[in-house]
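# Per-entry structural report
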Amino acid sequence: MKPIILALFTFASATLSLADCAGNGMYFWPRGGVVSQNPVFMIEGYANDQGIVRNLNSTYPVYLKSGDEIIKLVVKETCEGQFYMTQAILVPAEKLTAGKEYELIIENVPDYLNPLQTWNAEESTYEPVRWNVIAGEDTTPPTWTQKPDEAKKTLVHYGCGPAVYVHFSFAAYDESPLLLRTTVTNPEKGTSTVYYLDASDLTTVAVGHGMCSGAFVVDDANDYTVTFDLVDGSGNVKIWDYDPIKFTKPTDLNSSSH
């Protein structure tokens, strides 16, 4: 099976007042199209679609469907980003059947999201959001082979606002895709924000926000700290057991051009 990039950005008339930014968007993880029998899923909503993610299984029932079989997805955690992003971490209510293909269903979504579709970059077509299940349950936590270290800062000014990121290099091992449960603390304000970042490339992760959206605002104070918990495609966790990493905000003087 060719890998499917599970990303959906729907451009529709928006009530959100962000010039040159879309008003809607949804993203689904894992991206590979293949999961174990005990997977974890992430559904992320941008801008106006944040309300869907916040109300999964109340206003918007969510489940997997394969033929006549329906398996409910249970929301384990909901994370609010700092800049128009909200995500939910979900697990199936029962073990998935090996060899089956399951399609993601969210009921009562607006017409522009019905049916849910995802862009297959290799085929240049839209396809249903679905995963094939391979035999076996994964119960082994991922491991660090190189703990994250700051690699660079980037600050790029766009017409609608800046893209501000601190990039961390790392290396980790697992047989499934990885998320980083990232906690950024602003000591000046005494606040912390938790958000899951896709770490599937196993080399770098960017902490911050783009022109229109992002998980973290890292440009409204001078100093921050960050920790990363490793989470694999079955929800196994390697808890961060090092000191928090200190970093400063990107500026025009300390940032790389890209």
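Once a new chain begins, its residue numbering starts again from 1 and follows that chain's sequence as written. Reporting in this predicted model follows two pLDDT cut-offs: at least 70 for local features of residues, and 80 or more for side-chain atom pairs to be given and counted; totals over whole chains, interfaces and linings ignore these cut-offs and use all residues. Calculated side-chain values reflect all of the structure's heavy atoms, with hydrogen atoms and water omitted.

As a further point, take the overall build of the chain. Secondary structure counts use DSSP, requiring at least four H or I residues in a row for a helix and at least two E residues in a row for a strand, with both numbered from the N terminus. When you go through the chain residue by residue, the secondary structure sums to 1 helix and 19 strands. For this measure, only C-alpha atoms enter the radius of gyration; the expected value for a globule follows 2.2 Å times N^0.38, where N is the number of residues. A compact globule built from 258 residues should have a C-alpha radius of gyration of about 18 Å, and the chain, at 18 Å, falls within 12% of that. For the chain, the spread of C-alpha atoms along the three principal axes comes to 60 × 45 × 35 Å. Note on classification: 1.4 Å probe, protein chains only; a residue is buried when its accessible area is under 20% of the maximum for its type, exposed when over 50%, partly exposed between these limits. For the chain, the proportion of its 258 residues judged to be buried stands at 48%. Residues count as neighbours in contact if any of their non-hydrogen atoms are within 4.5 Å of one another. Restricting the contact set of the chain to residue pairs at least 6 apart, pairs at least 24 apart contribute 67%. Surface summary for the chain: the accessible area is close to 12000 Å², and the carbon and sulfur share equals 50%. Charge-centre separation for the chain: the mean point of 17 positive side chains lies 3 Å from the mean point of 32 negative side chains. Only the protein chains shown count as cover for residues, and all accessible areas are computed by the Shrake-Rupley method using a 1.4 Å probe. Note on charges: Lys and Arg go in the positive column, Asp and Glu in the negative column, and His and the chain ends are not counted at all. Charged groups are reduced to one reference atom each: NZ for lysine, CZ for arginine, CG for aspartic acid, CD for glutamic acid.

Now for the environment of isoleucine 105. Position of isoleucine 105 among the secondary structure elements: in strand β8 (residues 101-106). With relative accessibility at 22%, the residue isoleucine 105 sits in the partly exposed group. For the pair formed by isoleucine 105 and valine 129, sequence separation is 24 residues and the distance between their alpha carbons is 8.3 Å. Ignoring any residue separated from it by four or fewer positions in sequence, one finds isoleucine 105 in contact with Pro61, Val62, Tyr63 and Lys65.

Before going further, it helps to examine the nonpolar core. Phe168 and Phe228 are the most contacted members of the largest nonpolar core, which totals 41 residues. With near-sequence residues (within four places) excluded, phenylalanine 228 lies in contact with Trp144, Pro148, Phe168, Leu180, Arg181, Thr182, Val205, Val207, Trp240 and Ile245. Grouped together as the second largest cluster of nonpolar side chains are 25 residues, Val35, Ile43, Tyr60 and Tyr102 included. By nonpolar core is meant a set of buried Ala, Val, Leu, Ile, Met, Phe, Trp, Tyr and Cys residues that side-chain atoms within 4.5 Å join together.

Here, the term disulfide refers to a pair of cysteine sulfur atoms separated by no more than 2.5 Å. Tallying each qualifying case throughout the model produces 1 disulfide. Disulfide partner of cysteine 21: cysteine 212, at an S-S distance of 1.6 Å. Residues cysteine 21 and cysteine 212 are joined by a disulfide whose S-S torsion is about -70 degrees; by sign, that bridge is left-handed. Of this pair, cysteine 21 sits in the loop between β1 (7-8) and β2 (24-29) while cysteine 212 sits in the loop between β16 (204-209) and β17 (223-232), and the two are 191 residues apart along the sequence. No difference in accessibility class separates cysteine 21 from cysteine 212, as the two residues are buried. As a non-bridged cysteine, cysteine 160 has cysteine 21 as the owner of its nearest cysteine sulfur, 5.1 Å distant. A relative accessible area of 32% means that cysteine 160 is categorised as partly exposed.

Attention now goes to the sheet that holds strand β12 (residues 143-158). Here, any two strands with at least 2 DSSP bridges between them count as paired. Strand order in the open sheet made by the 3 strands is β12-β13-β16, with antiparallel pairing throughout. Only two strands of the sheet have a single partner each, and these edge strands are β12 and β16. Taken pair by pair, the neighbouring strands of this sheet meet at an average axis angle of 20 degrees, ignoring direction. For strand β13 (residues 161-173) and β16, the ladder comprises 6 bridges, and the chain directions are antiparallel. Counterpart to valine 164 in the pairing with β16 is histidine 209. Every axis in this analysis is a line fitted to C-alpha atoms, fitted for helices over the stretch in contact. Angles between the N-to-C directions lie between 0 and 180 degrees.

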